[in-house]
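# Coordinates in review
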Amino acid sequence: EDPKDDDSVIRDEKAEVESSQAGADGSKLSPAQIRLHRRLRKLYRRLDKHEKSVRQGTQAVEGTERQLQTLKKERDTYQPVLSDEQYDTAAALAGDTMKYFCPAFARHLHGRHEQLIERYRILDAQTDLTKPHDWYPRARLDRRKIIYHGGPTN
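By convention here, each chain's residues receive numbers from 1 onward along its written sequence. Owing to the predicted nature of the model, reporting of local features is limited to residues with pLDDT of at least 70; listing and counting of side-chain atom pairs is limited to 80 or more, with chain, interface and lining totals taken over all residues. As a convention, hydrogens and water are excluded, and side-chain values are obtained from all of the structure's heavy atoms.

## As for the overall build of the protein chain
- Secondary structure elements are taken from DSSP: a helix is a run of H or I of four residues or more, a strand is a run of E of two residues or more, and numbering for both begins at the N terminus. Helices and strands together make up the secondary structure of the protein chain, namely five helices and zero strands.
- Taken over 154 residues, the protein chain has a buried fraction of 5%.
- Where accessible areas are quoted, they stem from the Shrake-Rupley method and a 1.4 Å probe; at the residue level, only the protein chains shown are allowed to cover. Accessible surface, the protein chain: about 15100 Å² in total, of which carbon and sulfur atoms supply 55%. For the exposure calls, accessible area comes from a 1.4 Å probe over protein chains only, and a residue counts as buried if that area is under 20% of its type's maximum, exposed if over 50%, partly exposed in between.

## Quick notes on the environment of arginine 144
- Structurally, arginine 144 can be placed in the segment after helix 5 (137–141).
- Side-chain atoms alone can form a polar contact between residues adjacent in sequence; in general such a contact is a pair of N or O atoms within 3.5 Å, and within protein one must be able to donate a hydrogen while the other accepts it. Here the side chain of arginine 144 touches alanine 139 through a polar contact of 3.2 Å, landing on its backbone oxygen.
- At 3.2 Å, the side chain of arginine 144 and the backbone oxygen of aspartate 142 are in polar contact.

## A word on the packing of aromatic side chains
- Pairing of aromatic side chains requires ring centres within 6.5 Å, counting the rings of Phe and Tyr and the six-membered ring of Trp. Pairs whose planes differ by under 30 degrees are stacked, by over 60 edge-to-face, and all others tilted. Inspection of every chain in the model, using the stated rule, returns one aromatic pair.
- Geometrically, the ring pair formed by phenylalanine 101 and phenylalanine 105 is stacked, given 5.8 Å between the ring centres and 10 degrees between the ring planes. Placement of both phenylalanine 101 and phenylalanine 105 in helix 3 (residues 84–112) is noted, with a separation of four residues, approximately one turn of the helix.
- Taking relative accessible area as the criterion, phenylalanine 105 reaches 41% and is therefore assigned partly exposed.

## Some words on the pattern of salt bridges
- By salt bridge we mean one thing: a side-chain nitrogen of Lys or Arg within 4 Å of a carboxyl oxygen of Asp or Glu. Applying the stated criterion across every chain yields a total of two salt bridges.
- The closest approach of N and O atoms between glutamate 51 and arginine 55, which form a salt bridge, is 2.8 Å. Residue glutamate 51 and its partner arginine 55 are located together in helix 2 (residues 31–77), separated by four residues, close to a single helical turn.
- Residue glutamate 51 is classed as partly exposed on the basis of its relative accessible area, which comes to 29%.
- Linking aspartate 96 and lysine 99 is a salt bridge whose minimum nitrogen-to-oxygen distance equals 4.0 Å. With a gap of three residues between them, aspartate 96 and lysine 99 both fall in helix 3, about one helical turn apart.

## Re helix 2
- Expected helix span is taken as 1.5 Å per residue step, with the number of steps being one fewer than the number of residues. For helix 2, which comprises 47 residues, the first-to-last C-alpha distance of 69 Å matches the rise-based estimate of 69 Å (1.5 Å per residue) to within 8%.
- Looking only at helix 2, the buried set comprises His37, Tyr44 and Gly63.

## Let's talk about the environment of tryptophan 135
- Looking at where tryptophan 135 falls in the secondary structure, it is placed in the loop between helix 4 (114–126) and helix 5.
- In this analysis, two residues are considered to be in contact whenever any of their non-hydrogen atoms come within 4.5 Å of each other. In this view, tryptophan 135 contacts Asp128 and Leu129; residues no more than four positions away in its chain are not counted.
- From its side chain, tryptophan 135 meets the backbone oxygen of lysine 131 in a polar contact 3.3 Å long.

## Observations concerning a positive patch on the surface
- The patch calculation keeps residues exceeding 30% relative accessible area without a salt bridge and links them within 9 Å when they carry like charges or within 5 Å when they are nonpolar (Val, Leu, Ile, Met, Phe, Trp, Tyr). Note on charges: Lys and Arg go in the positive column, Asp and Glu in the negative column, and His and the chain ends are not counted at all. A charge is said to be at NZ when it belongs to Lys, at CZ for Arg, at CG for Asp and at CD for Glu. Taken together, the side chains of Arg35, Arg38, Arg39, Lys42, Arg45, Arg46 and Lys49 present a region of like positive charge at the surface.
- Following the sequence through the fold, lysine 49 ends up in helix 2.

## Considerations on the confidence of the model for the protein chain
- Here the protein chain shows a mean pLDDT of 82. Residues at 70 or above account for 82%.
- Per-residue confidence from the predictor is reported as pLDDT, which spans 0 to 100. Of all secondary-structure elements in the protein chain, the lowest mean pLDDT belongs to helix 1 (residues 3–19), at 61, while helix 4 reaches the highest, 90.

## As for the environment of isoleucine 117
- One can find isoleucine 117 in helix 4.
- Non-local contacts of isoleucine 117, meaning those with residues more than four positions away in its chain, are made with Leu109 and His110.

This is the structure we're talking about:
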């Protein structure tokens, strides 16, 4: 079946339900028929909302598919800069360079900024907040007498 045919049938029925307050022969509708017409109108409104949601979802999926196709085309146009063998060689060379460069650079920094490093170590030692129980050793030796006054307030 063609979905457009179904949509047009639904629209025709909806228009008929919304426009008719009287029967086909001009007679007045019964309360049960009026309730049925109201339910049908609600149903058609819900169908319209769902139809809109389905259309939006379909458009979103189509947009995502177009983006995916574009990305696949772009991926195919780019070739890897290095082969796997060339990459492994470059990675090994970089690792060897770092193995020798980093210690030499650290020695250079230590020699050039020795005073700053020493000041930082002193400051770090003086501002150590990891052991508060060692801050006031004599105060910890004092014996204290604690008196608890339990009972109601004034």
